[in-house]
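So the chains spell out like this:
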Amino acid sequence: MKTKVLLRKLSKQFPKNIGESYDFLGLQVGKLKEEVNKILVCLDFDQYVLPTVLKEKPDLIITHHPFIFGKKSSVLEHDKNKKELYDICLEQGITVYSYHTNFDTGVGGMNDALASALGLTKVKALESVPMARGGELPQPMEVHAFAKYAKEKLNVPYGLLIAEGKQEIRRVAIVGGGGWRDNQSAELENYDIFISGDIPHHGRRDIVIRKYNYLDLPHEVERIFIPTMTKILLNIDQSLDVVQVDHEICPEVI
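None of these values were measured; they are calculated from a predicted model. (Residues numbered from 1 in each chain as written. Predicted model: local features only at pLDDT ≥ 70, side-chain atom pairs only at ≥ 80, totals over all residues. Heavy atoms only, no water.)

Asks: Teacher, can you tell me more about a positive patch on the surface here?
Replies: On the surface, Lys4, Arg8, Lys9 and Lys12 cluster together to form a positively charged patch. Tracing the sequence through the fold places Lys4 in helix 1 (residues 3-13). (Patch = residues over 30% accessible without salt bridge, like charges linked within 9 Å, V, L, I, M, F, W, Y side chains within 5 Å. Areas by Shrake-Rupley, 256 points an atom, 1.4 Å probe, with all protein chains shown as cover. Salt bridge = Lys/Arg side-chain N within 4 Å of Asp/Glu carboxyl O. Lys, Arg positive; Asp, Glu negative; His and termini not counted. Charge placed at Lys NZ, Arg CZ, Asp CG, Glu CD. Helix = DSSP H or I, 4+ residues; strand = E, 2+ residues; numbered from the N terminus.)

Asks: Looking at this structure, how should I read empty space enclosed by the protein?
Replies: The gaps of empty space that remain are located by a probe, the size of a water molecule, rolled over the atoms. Under the counting rule described, the total for this entry stands at one cavity of 30 Å³ or more. In this model, the largest cavity occupies a volume close to 40 Å³. Around the largest cavity, the lining residues are Leu114, Leu154, Ile174, Val175, Gly176, Ile195, Ser196, Leu217, Pro218 and Val221. Broken down by class, the residue content of the lining of the largest cavity amounts to eight nonpolar, two polar and no charged. (1 Å grid on protein atoms, 1.4 Å probe; cavity = no way out; pocket = protein on both sides within 12 Å on 5 of 7 lines; lining within 4 Å. Points joined across faces, edges and corners; volume = space filled by probe spheres on them. Nonpolar A, V, L, I, M, F, W, Y, C, P; charged D, E, K, R; others polar.)

Asks: How should I be thinking about the pairing of strand 8 (residues 168-174) in this particular structure?
Replies: For strand 6 (residues 133-142) and strand 8, the ladder comprises six bridges, and the chain directions are antiparallel. Along strand 8, the bridge assignment pairs Glu142 with Glu168. In the sheet, strand 8 pairs with strand 9 (residues 193-196) via three bridges, with the strands oriented parallel. Among the inter-strand pairings, Ala173 is bridged to a residue of strand 9, identified as Phe194. Traced from strand 8 through helix 8 (residues 183-188) to strand 9, the parallel crossover comes out right-handed. (Pairing = 2+ DSSP bridges. Right-handed = clockwise from strand over helix to strand, strands pointing away.)

Asks: Help me out: how do you make sense of the sheet that holds strand 4 (residues 96-98) in this one?
Replies: Strand-to-strand pairing in sheets goes through backbone hydrogen bonds, with the strands running parallel or antiparallel. Strands sit in the order 1-4-3-2-11 across an open sheet of five strands; the sheet is mixed. Edge positions in the sheet fall to strand 1 (26-29) and strand 11 (241-245), since each has one partner strand and no second. Strand-to-strand twist in this sheet, taken as the mean axis angle between neighbours without regard to direction, amounts to 30 degrees. The pairing of strand 2 (residues 38-42) with strand 3 (residues 60-63) spans four bridges and is classified as parallel. From the neighbouring strand, Cys42 faces strand 3, where its bridge partner is Thr63. Those strands touched by helix 10 (residues 225-236) are strand 2, strand 3 and strand 11, and its axis lies near 155 degrees from that of strand 2. (Axes fitted to C-alpha atoms, helices over the stretch in contact; angles between N-to-C directions. Contact = heavy atoms within 4.5 Å.)

Asks: I keep staring at the sheet that holds strand 10 (residues 213-216) and nothing clicks. Help me out?
Replies: Strand order in the open sheet formed by six strands is 5-6-8-9-10-7, and the pairing between neighbours is mixed. A strand with exactly one partner marks an edge of an open sheet, and here the two such strands are strand 5 (121-125) and strand 7 (160-163). Across the sheet, the mean angle from the axis of one strand to that of its neighbour is 25 degrees, orientation sign disregarded. Along the sheet, helix 6 (residues 110-117) contacts strand 5, strand 6 and strand 8; its crossing angle with strand 6, the most-contacted strand, is approximately 15 degrees. Docked against the sheet, helix 7 (residues 143-153) engages strand 6, strand 7, strand 8, strand 9 and strand 10, running at close to 120 degrees with respect to strand 6.

Asks: Hey, could you run me through the packing of aromatic side chains in this one?
Replies: Any pair of aromatic rings gets described here by the distance separating the centres and the angle formed by the planes. Scanning the model with the defined rule gives seven aromatic pairs in all. Ring centres of Tyr97 and Tyr99 lie 5.3 Å apart, and the angle between their planes is 40 degrees; this geometry places the pair in the tilted category. On the accessibility criterion, Tyr97 (10% relative accessible area) is buried. Connected via pairs of aromatic rings, a cluster forms that spans Phe14, Phe103 and Phe225. The lysine or arginine in question, Arg171, covers the ring of Tyr191, its NZ or CZ lying 4.1 Å from the ring centre. (Phe/Tyr/Trp six-rings, centres within 6.5 Å; stacked < 30°, edge-to-face > 60°. Buried < 20%, exposed > 50% of the residue type's maximum accessible area, 1.4 Å probe, protein only. Lys NZ or Arg CZ within 6 Å of the ring centre and 35° of its normal.)

Asks: Please clarify how unusual backbone geometry should be interpreted in this entry.
Replies: One can expect most non-glycine residues to show negative phi and most peptide bonds to be in trans. Phi at Lys122 is positive, roughly 55 degrees, even though this residue is not glycine. Within the secondary structure, Lys122 sits in strand 5. Here the phi dihedral of Asn190 falls at roughly 70 degrees; this positive angle occurs in a residue that is not glycine. With respect to the helices and strands, the residue Asn190 is situated in the loop between helix 8 and strand 9.

Listed below in C-alpha cells is the structure:
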C-alpha cells in the first residue's frame with residue numbers, strides 16, 4: 001500500500017500532538033518509500049536488530065523507542081555506535097519510524113494493551129495522567145498474590161513490590177516503561193496500586209512514607225508493543241508482511 005496512506009491511518013489513532021513535548025516522534029532516519037509491503041516491528045532499533053533488517057530488507061521499520069532521542073547532530077556526535085548505525089541506514093536505504101509517547105497515550109496503544117493483559121475491566125485514562133490507564137480486577141487479590149499475577153501476565157521474570165498500602169487490591173493503575181512519577185496521581189484517584197518502572201531510591205522512599213502500593217516492573221513489559229502494533233497494521237491491510245523482532249532481554253537476577 002502507499003506509505004503515506006499507512007502513516008495517515010496510524011496518525012489518526014496515534015497523532016503526534018498527543019505525544020509528550022520532550023519526545024522525538026516520527027521519521028528517525030532514511031527516506032519514506034512510495035510503497036510499503038514489508039514492515040519490521042521492534043521495540044528498539046539497534047545493532048542487535050540490524051542482521052535481521054539486512055536479511056529481511058523491510059520497506060519500513062517501526063519502533064516504539066525513538067532511534068534518535070534528542071537533537072540529531074548532538075546524538076550522532078556523542079554516540080559513536082548510534083552514528084555507525086545511522087550511516088549504515090543511509091548506505092543501505094533503511095527507514096526507521098517511531099511511535100513512542102503518542103502510542104502510549106493513544107486508544108488501543110501501549111497502556112490499553114497492558115491493561116488488557118492484566119484482565120482489567122472498566123478501563124479508562126487517569127484524569128490527571130492521560131497516558132496512564134486504570135481499571136478493576138474481576139475479583140480482589142491479596143497484594144503479594146497480585147504482584148506475582150501481574151509479573152506473569154506482563155511476561156517479565158521479576159518485579160519489585162512496595163506493599164505499604166491496602167492489602168487487598170481491586171483498582172489498578174498502570175503506565176508502561178519509566179512512568180513511576182505518576183504514582184501519586186494514581187493514589188489521589190483512589191487506585192489501590194500503581195504499576196510502572198525505573199523508579200529510583202528516593203521515589204521508593206516517598207511511596208513507603210505515604211503508605212501506598214507500587215509495583216516496579218522492568219521496562220521490557222513494553223515488548224507488548226510488538227504484537228499490538230502488528231495487529232494494528234494488519235487491521236489496516238491484511239496483505240502487509242509484518243516481521244516481528246523481540247530481542248529485549250531483562251537483566252539477569254543474581
